Amino acid sequence: MTAVAELWAQHGTAEFPFAAQVSPRTLAGREAVRGYLAGYPEHLDVQAIPTVTVHHTDRPDTIVVEFTAHGRTVRTGEPYRLDYITVITVEDGLITHYRDYWNSLAAASAAGMLPELLASLPSPPSLPSPAAR
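Thresholds applied
- Position labels on residues start from 1 in each chain and follow its written sequence.
- Reporting in this predicted model follows two pLDDT cut-offs: at least 70 for local features of residues, and 80 or more for side-chain atom pairs to be given and counted; totals over whole chains, interfaces and linings ignore these cut-offs and use all residues.
- Excluded from the side-chain calculations are hydrogens and water; all other atoms, namely the structure's heavy atoms, are used.
- Pairs were defined over the aromatic rings of Phe, Tyr and Trp, the Trp ring being its six-membered one, requiring ring centres within 6.5 Å. Orientation was assigned from the angle between planes: stacked under 30 degrees, edge-to-face over 60, tilted for the rest.
- The helix count covers DSSP runs of H or I at least four residues long, the strand count covers runs of E at least two residues long, and both are numbered beginning at the N terminus.
- Under the scheme applied here, a residue whose accessible area is under 20% of the maximum for its type counts as buried, over 50% as exposed, and between as partly exposed, the area being computed with a 1.4 Å probe on protein chains only.
- What makes a salt bridge here is a side-chain nitrogen of Lys or Arg within 4 Å of a carboxyl oxygen of Asp or Glu, nothing more.
- Note: two strands are recorded as paired if DSSP finds a minimum of 2 bridges between them.
- In this analysis, axes come from line fits to C-alpha atoms, helices being fitted only over the stretch in contact, and the angle between any two N-to-C directions falls in the range 0 to 180 degrees.

### Considering the packing of aromatic side chains
Moving on, step 1. Inspection of every chain in the model, using the stated rule, returns five aromatic pairs.
Moving on, step 2. With 4.7 Å between their ring centres and 10° between their planes, Phe-67 and Tyr-84 make a pair best called stacked. Pair noted here: Phe-67 is in strand 4 (residues 62-73) and Tyr-84 is in strand 5 (residues 79-91), with a separation of 17 residues, a long-range link. In this pair, the class of Phe-67 matches that of Tyr-84, namely buried.
Moving on, step 3. Three or more aromatic residues joined by ring pairs make a cluster, and in this case those are Phe-16, Tyr-36 and Trp-102.

### Observations concerning the pattern of salt bridges
Pairing between side chains becomes possible if they bear opposite charge and their charged atoms approach one another.
Moving on, step 1. Counted by the stated rule, this structure contains four salt bridges.
Moving on, step 2. Across the salt bridge formed by Arg-34 and Glu-6, the nearest N and O atoms sit 2.6 Å from each other. Of this pair, Arg-34 sits in helix 2 (residues 30-38) while Glu-6 sits in the loop between helix 1 (2-5) and strand 1 (8-15), placing them 28 residues apart in sequence.
Moving on, step 3. Arg-59 serves as the salt-bridge partner of Asp-61, at 3.0 Å between the closest nitrogen and oxygen.
Moving on, step 4. Residue classification places Arg-59 among the partly exposed positions, given a relative accessible area of 45%.
Moving on, step 5. What you see here is one network of salt bridges that share partners, running through Glu-6, Glu-31 and Arg-34.

### Quick look at the sheet that holds strand 5
Moving on, step 1. Judged by pairing direction, the sheet is mixed, and its six strands sit side by side in the order 2-1-6-5-4-3 without closing on themselves. Edge positions in the sheet fall to strand 2 (26-28) and strand 3 (44-56), since each has one partner strand and no second. Geometrically, the sheet is characterised by an average inter-axis angle of 20° between neighbouring strands, direction not taken into account.
Moving on, step 2. Two elements, strand 4 and strand 5, share 11 bridges in a ladder whose sense is antiparallel. Each bridged residue has a counterpart across the sheet, and for Thr-62 the counterpart in strand 5 is Thr-89.

What is shown is where atoms sit, not what they do.
Here it is in structure tokens:
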């Protein structure tokens, strides 16, 4: 994960628009990305990324990447498969903006942490009883 963090520009950012409660939605700077990635191997043991598709955009500095990661959940030892869609912008060969549309529920399930994620979500508002409608 240290090598992945080194791909970021010093001022590069990472966004996770679909992140749930316990995960950050934005990371600012290479060191924030490094800190975020440091704990990843404690949850998911990535063993292969067999599928990678790169889509070029009309901007030469930006691509869209689809990939699939396979591995084992550290907590349970169970296999997992997670799909990602990421928009990456680079400058001088380093990532300046990384927007990752990952599924936080699937990732929490794969990491054996779904109960913790669900417990962290706010309770939905109560609906009025049928008699009150």
